[in-house]
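# Secondary and tertiary structure notes
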Amino acid sequence: MKNIILASHTNSGSDNGKNPSIREDSIMIIKSAQVLLVFALMISGGTAQAESEESRIKQQVEQLVSKMTLQEKASLTSGRDAWSTQPIERLDIPYIWMADGPHGLRRAPSTDTWGYGNQAPATCFPTASALSATWDVDLLTEVGQALGEEAHALGVDMLLGPGLNIKRSPLGGRNFEYFSEDPILAGKLGAAYINGVQSQGVGTSAKHFVANNVETQRMWANSAVDERTLNEIYMTPFEIAVKEAQPWSVMACYNRVQGVYGTESYRLLTHKLKNEWGFKGIVVSDWDAVIDRVEGIRAGMHLEMPGKPVNLTNQMVVDAVNNGELDEQQLDKIVKDILRIVFKGQLNKGDKVADQKIEQHHALARKVAAEAITLLKNSGGLLPLSKDKQQKIAVIGEFAVNPRYQGNGSSEVKPTQLDKFLDLVRAEYGEGVEIEYAQGYQLADDNDLSLINAAAKLAAKADVALVLAGLPLQYESEGIDRKHIDMPPSHNQLISAVAKVQPNTAVILTNGSAVAMPWVGEVPTIVETWLGGQAGAGAIADVVFGAVNPSGKLAETFPARLEDTPAFLNFPGEDGEVIYGERMFVGYRYYDKRNIEPLFPFGHGLSYTQFEYTDIALSADQITDKDQLTVSLSVANTGKRKGKEVIQLYVVDKEASLQRPDKELKGFSKVELAPGERKQVTFTLSSRDFSHYSKLYDRWIAESGEFEILVGASSRDIRLRKNLSFKNTQALHFKMNEYSFFSEFWNNPQLKPLLIELMPQWIKSLTPEGKNLEEADIQDFLQQQPIIKFPYFTLGEVDKEKIRAFIERCNKLRFFP
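Reading guide: rules and limits
Residues numbered from 1 in each chain as written. Predicted model: local features only at pLDDT ≥ 70, side-chain atom pairs only at ≥ 80, totals over all residues. Heavy atoms only, no water. Pairing = 2+ DSSP bridges. Helix = DSSP H or I, 4+ residues; strand = E, 2+ residues; numbered from the N terminus. Axes fitted to C-alpha atoms, helices over the stretch in contact; angles between N-to-C directions. Buried < 20%, exposed > 50% of the residue type's maximum accessible area, 1.4 Å probe, protein only. Arc of directions from axis to C-beta. Contact = heavy atoms within 4.5 Å. 1 Å grid on protein atoms, 1.4 Å probe; cavity = no way out; pocket = protein on both sides within 12 Å on 5 of 7 lines; lining within 4 Å. Points joined across faces, edges and corners; volume = space filled by probe spheres on them. Nonpolar A, V, L, I, M, F, W, Y, C, P; charged D, E, K, R; others polar. Core = buried A, V, L, I, M, F, W, Y, C linked by side-chain atoms within 4.5 Å. Parallel < 35°, antiparallel > 145°, perpendicular 65-115°, else oblique. Left-handed = near helix turned anticlockwise from the far one by under 90°. Phe/Tyr/Trp six-rings, centres within 6.5 Å; stacked < 30°, edge-to-face > 60°. pLDDT = per-residue confidence, 0-100. Polar contact = N/O pair within 3.5 Å; in protein donor to acceptor, adjacent residues only side chain to side chain. Salt bridge = Lys/Arg side-chain N within 4 Å of Asp/Glu carboxyl O.

Here we take up the sheet that holds strand E4 (residues 203-209). The sheet built from five strands is open, its strands ordered E2-E3-E4-E6-E9 with parallel pairing. The outermost strands of the open sheet, each flanked by one partner alone, are strand E2 (98-100) and strand E9 (282-285). Ignoring strand direction, the axes of neighbouring strands in this sheet form an average angle of 30°. Pairing of E4 with strand E6 (residues 249-252) involves three bridges; the strand directions are parallel. Each bridged residue has a counterpart across the sheet, and for phenylalanine 209 the counterpart in E6 is alanine 252.

Printed below as a string of structure tokens:
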């Protein structure tokens, strides 16, 4: 297929992006002489030049805002139409064009059309659930670069992705669009993706901020999540992405978080994003997420999308300023941020023709899909098959000729081409191999079992059976959560029927999230291929026949039963309330704490070779919060094939004063090794990696104590261990209050003397004869009472004013956690 080539363009004026239909070999050149004149000197050239460009943009923005009318300012805080921001011709302010992602571009024919079905062809890469299985930050950067190139070629200024929400439950309908159940893995991969896209002068939108983990009633649902869990699990991926990649935008979620809409939360959009994390971009609403436009601006939300008819909400902003309900200085600040991003989007434009690199990106998509494939089971070494061996292979399952390669919803990409497994196997691996096909099931009818017998007969006559099964498109979709984790009955029964007559059966799964496998003990080999994009079929063939050694690892736990999952009792919620009752025990954290054996654990994935872990060493066995810790180990390929291994590092807090997971992922590294080759792998940890989030102090705290470093091939396959001592040197003030328990004072060596000084007579009355007051025998019933009650227990020895003064005195003291 010939490459699709388009010209870069500047977006200015009122053309509404109504461009010609995109065809092969078409060229689209849209010029804006005025904008090019303003920004010609700002294009390209090193760090100093970039700083100069930023300074120039800032100066230009200041000048423009001073010339804008209130109505023009208000108009900039809402989209013009479905996919673009509002241009202002009078001031030569252009617009930016946005397009759905994240695993490819869904670029509409024009900015005022939705582009479902008639979008421009673009490379459909594997979805996020597959990308995450690579555990490869360099590969994610490469994918991001390719997406940025295609966006540039298609005239898109901002790609709406990646999705950084946590996979709280396998029932999440949009799980295929998200990376992981683990915040560190999701954040690191997301940052790599963002850096890749933005290296091409195209912006990204990290979404959906935050705790957007159900599709059911998503426009209204309230994520009732405690502060510690929100920070440790759900906000961490966004924090990493902001600090390590600075996305041009963050997309605010539909849902409420702790009772406040994500588009109206000052704590989330300003306190966290801007003030604490240093976010420099803009906040864009999810499409039609805004309830109160004025409240959103107050909270720090910049841009309402899409634009609304007759600019109703723009007038609300104007009226709010005129009525004194909205400070115009706050509006100016929002407008300046928007303009900086709009002008940033023009720096990569001009008359230069941009190449979409269709063939090159299709090859990359195949490479990435192969890296993502996760070998879950391979008893007896059934795979890889040899293409040089005379054998009869039965290929079974409609997915072999009608592949499922992406999810359902706004992320749907119109692929530039689509590979099919049966065709590719015959074309690339069929020489000397007899390949026959049976449909096995109908994707249009989950319960049609009429094709199973014919498939089993074909399998019985073959040397090997490859059964392609999984979840049809309608099972996983934006806007709809799954009700179960079962595959269609026809798929499950087909696998069992084939396995009964063919011992050499390999099940090849296509799905965007975890599935139940009632037949897991009936087949020797299971291959998880996820949603592999337009080139996924070729990747499957490459792994099955050994051209690629599988190296994917699960970025989410596969449960044995839905009932075993952490959010089973609280998903998807009811009456608009989603209770996060499992707290920070999401995914493997829950299975570890409950000692539940999953079907396949987080981080699991086999290879056609074997790896040995040895020689773990720490840079020190005693560190403080001011130190960094270096962890090193040696990994060797002890097998006969070149392969890649993902080394995973977990941290255990052995002396936590509060409830913590048994272990938490804090680092990972993917290395390639030839047979017999050995490499040293190094990780660097900081105090943050030993910390928990304190709601009381609204900050991360690492407690002094004993920790353990674990290194393994999965969360359940720990190969190496090493202990260390950690000391916190940052003193904190006590934060006691009237409702702190007596025991909190009594059991604290710093506060106990002050407590005795407060109520000596009452404590003396409870002290055994011959003992000092510190040895008083105070019953548990009394110790578990709030201190404010003790005017009654002490019969008036203290009053509430004395207790309040006592608490104030305690809180002036400092301690080391």
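Next comes the rest of the description.
Take helix H14 (residues 421-428) next. Along H14, the positions that sit buried rather than exposed are Phe421, Leu422, Leu424 and Val425. On an axial view of H14, the arc spanned by its buried residues comes to 165°, and they lie on one face. Looking at the buried positions of H14, the neighbouring elements they touch are helix H13 (358-372), strand E12 (391-396), strand E13 (433-438), strand E14 (464-470) and helix H17 (536-544).

Working note: regular strand, side chains alternate between the two faces of the sheet. In the sheet, strand E19 (residues 622-624) pairs with strand E27 (residues 717-727) via three bridges, with the strands oriented parallel. Within E27, the position partnered with glutamine 622 by the bridge is serine 725. For strand E26 (residues 705-714) and E27, the ladder comprises nine bridges, and the chain directions are antiparallel. Following the sheet pairing, glycine 705 is matched in E27 by phenylalanine 726. Where E26 folds back on E27, the antiparallel hairpin that results is connected by two residues.

It is worth spelling out the layout of surface pockets at this point. The space that makes up the second largest pocket amounts to roughly 670 Å³. In terms of lining, the second largest pocket is formed by 25 residues, of which the most central are Ser657, Ser694, Leu696, Tyr697 and Glu703. Contributing elements (two or more residues each) for the lining of the second largest pocket: helix H7 (227-234) and strand E24 (692-694). Looking at the lining of the second largest pocket element by element, the count peaks at three residues for E24. Class assignment for the residues of the lining of the second largest pocket results in 11 nonpolar, six polar and eight charged.

To continue, consider helix H11 (residues 312-322). Those residues of H11 that fall on the buried side of the exposure criterion are Thr313, Asn314, Val317, Val318, Ala320 and Val321. Buried residues along H11 cover an arc of 160° about the axis, so they all sit on one side. Within H11, the exposed residues directed more than 90 degrees away from the buried face are Leu312 and Asn322. On the buried face of H11, the contacting elements are helix H3 (70-76), helix H10 (293-299) and helix H12 (328-344). Immediately beyond the C-terminal end of H11, within one or two residues, lies glycine 324, with a positive phi of roughly 80°.

Moving on to empty space enclosed by the protein. Gaps left between atoms show up when a probe the size of a water molecule is rolled over them. On inspection of all chains with the given rule, the structure shows nine cavities of 30 Å³ or more. The space that makes up the largest cavity amounts to roughly 140 Å³. Surrounding the largest cavity, 18 residues form its lining, Pro403, Arg404, Gly536, Ala537 and Ile540 being those nearest its centre. Put simply, the parts of the chain that give the lining of the largest cavity at least two residues each are strand E15 (505-510) and H17.

Turning our eyes to something else, we now look at the side chain of aspartate 182. With respect to the helices and strands, the residue aspartate 182 is situated in the loop between strand E3 (158-160) and helix H6 (183-198). For aspartate 182, the contacting residues outside a window of four places in its chain are Ile166, Tyr588, Arg589, Phe602 and Leu665.

By size, the foremost hydrophobic cluster in this structure holds 132 residues, and its most contacted members are Met68, Phe209, Val210, Tyr234, Leu273, Trp287 and Leu339. Excluding anything up to four places from it in sequence, methionine 68 contacts Lys73, Leu76, Ile88, Arg90, Leu91, Ile93, Val335 and Leu339. Listed in part, the 71 residues of the second largest apolar core include Leu375, Leu376, Ala462 and Leu509.

Attention now moves to the packing of H13 against H17. Packed helices, taken two at a time, are described by the angle between their axes plus the distance between the axes. Following both chains from N to C, one finds H13 and H17 inclined at 50°, their axes separated by 8 Å at the closest point. The angle between H13 and H17 falls in the class oblique. Classified by chirality, the crossing of H17 by H13 is right-handed. Across from Arg366, Ala369 and Ala370 in H13, the residues of H17 making contact are Gly536, Gly538, Ala539, Asp542 and Val543. Classifying every residue of the contact of H13 with H17 gives four nonpolar, two polar and two charged.

What follows concerns the packing of aromatic side chains. Within this structure, the stated rule accounts for 25 aromatic pairs. For the pair tryptophan 135 and phenylalanine 668, a centre-to-centre distance of 5.4 Å together with 85° between the ring planes defines the contact as edge-to-face. Linking tryptophan 135 in the loop between helix H4 (128-133) and helix H5 (137-153) with phenylalanine 668 in strand E22 (residues 664-673), this pair joins segments that are 533 residues apart in sequence. The residues tryptophan 135 and phenylalanine 668 share a single accessibility class, namely buried.

On to the confidence of the model for the protein, then. Per-residue confidence for the protein averages 93 on the pLDDT scale, and 93% of its residues sit at or above 70. Under a pLDDT of 50 for its full length, residues 1-45 has, in the predicted model, 121 contacts with residues more than four places off or in other chains.

Further remarks concern the environment of glutamate 556. Note that glutamate 556 resides in the loop between H17 and strand E17 (577-579). In this structure the C-alpha to C-alpha distance between glutamate 556 and arginine 168, which are 388 residues apart in sequence, comes to 9.5 Å. Discounting residues that sit within four places of it in the chain, glutamate 556 has contacts with Ser129, Lys167, Glu181, Gly512, Ser513, Ala514, Trp530 and Phe602. At a separation of 2.6 Å, a polar atom in the side chain of glutamate 556 contacts the side chain of lysine 167. Within the local environment of glutamate 556, its side chain forms a polar contact with the backbone nitrogen of alanine 514, the two atoms lying 3.4 Å apart.

This part takes up the side chain of aspartate 592. On the secondary structure map, aspartate 592 appears in helix H18 (residues 588-594). Of the polar contacts made by the side chain of aspartate 592, one reaches the side chain of arginine 716; its length is 3.0 Å. Every residue in contact with aspartate 592, bar those within four places of it in the chain, is listed here: Asp662, Lys663 and Arg716.

Here we come to the sheet that holds E27. In sheet architecture, strand pairing relies on hydrogen bonds along the backbone and comes in two forms, parallel and antiparallel. Strand order in this open sheet of five strands is E19-E27-E26-E21-E22, and the pairing throughout is mixed. Looking along the sheet, the strands with just one partner apiece sit at the ends: E19 and E22. Direction aside, the axes of adjacent strands within the sheet are offset by 30° on average. Across nine bridges, the pairing between strand E21 (residues 643-653) and E22 is antiparallel. Each residue of the ladder has a partner; that of valine 651, found in E22, is glutamate 664.

Here we take up the pattern of salt bridges. Counted by the stated rule, this structure contains 52 salt bridges. Linking lysine 73 and glutamate 328 is a salt bridge whose minimum nitrogen-to-oxygen distance equals 2.8 Å. Of the two residues, lysine 73 is situated in helix H3 and glutamate 328 in helix H12; the sequence distance between them amounts to 255 residues. Among the salt bridges present, the one from lysine 593 reaches aspartate 662, with a minimum N-O distance of 3.1 Å. In this pair, lysine 593 sits in helix H18 while aspartate 662 sits in the loop between E21 and E22, placing the two residues 69 residues apart along the sequence. Classification of aspartate 662 by relative accessible area gives partly exposed; the value is 33%. Salt bridges sharing partners connect three or more residues here, namely Arg174, Glu177, Lys207, Glu215, Arg218 and Glu478.

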